[in-house]
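Tertiary structure, described
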Amino acid sequence: MYLTWIKCTGEQWCQLLNLNLAHSHFDGLEGIYIIWHGQPNPAVVYVGQGNIRDRLTQHRQDPAILAYESKTLHVTWAKVDSVHRDGIERFLAESWKPKVGHNYPLATSLPVNSPWGK
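Residues numbered from 1 in each chain as written. Predicted model: local features only at pLDDT ≥ 70, side-chain atom pairs only at ≥ 80, totals over all residues. Heavy atoms only, no water.

Before going further, it helps to examine the sheet that holds strand 3 (residues 43-51). Pairing in this open sheet of 4 strands is antiparallel, and the strands run 1-4-2-3 from one edge to the other. Where the open sheet ends on each side, the last strands, each with one partner, are strand 1 (14-15) and strand 3. Relative to strand 4 (residues 73-79), strand 1 is paired through 2 bridges, and the arrangement is antiparallel. Looking at the pairing, Gln 15 lines up with His 74 of strand 4. In this fold helix 3 (residues 82-96) packs onto strand 2 (30-37) and strand 3, with an angle of close to 175 degrees to the strand it touches most, strand 3. (Pairing = 2+ DSSP bridges. Helix = DSSP H or I, 4+ residues; strand = E, 2+ residues; numbered from the N terminus. Contact = heavy atoms within 4.5 Å. Axes fitted to C-alpha atoms, helices over the stretch in contact; angles between N-to-C directions.)

So, about the state of the cysteines. Counted under the stated rule, the structure contains 1 disulfide. The side chain of Cys 8 participates in a disulfide bridge whose partner is Cys 14; the two sulfur atoms lie 1.9 Å from each other. Judged by the sign of its S-S torsion, about 110 degrees, the cystine formed by Cys 8 and Cys 14 is right-handed. A relative accessible area of 26% means that Cys 8 is categorised as partly exposed. (Disulfide = S-S within 2.5 Å. Buried < 20%, exposed > 50% of the residue type's maximum accessible area, 1.4 Å probe, protein only.)

It is worth spelling out the nonpolar core at this point. A general trend in soluble globular proteins is that nonpolar side chains are found buried together. Among the nonpolar cores identified, the biggest contains 18 residues, and Leu 19, Ile 35, Val 45, Leu 56, Ile 65, Val 75 and Trp 77 are the most heavily contacted of them. Taken together, the elements giving at least two residues each to this core come down to strand 2, strand 3, helix 1 (52-59) and strand 4. It is strand 4 that provides the largest number of residues to this core, a total of 3 residues. Core analysis: the next-biggest nonpolar cluster, separate from the first, contains 12 residues, Trp 36, Val 44, Val 80 and Ile 88 among them. (Core = buried A, V, L, I, M, F, W, Y, C linked by side-chain atoms within 4.5 Å.)

What follows is the structure, given as structure tokens:
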């Protein structure tokens, strides 16, 4: 399945802590998202699904995720129908081995494209 991963203005990756979650773009938006940190040694911090605004608002207050704040937290998301989310979340978690959160849906992995083109 091909996903359209979202970037912010200027085709730059969005920063989790600076993202305007009040923007109308997020009204009713549901799907899959990935939070990662930058240099040194970039790594995926969290993979999740659901209402993007609500979930990212929660993550901005999560000490386990904020532990990586000094490395600059980035986020991207894709609109995905609920019927596919569990499989995609499982695939992304198996692929990127996030540093936070290890309880993923018991679903068959549904392969998708990487936001980083790998």
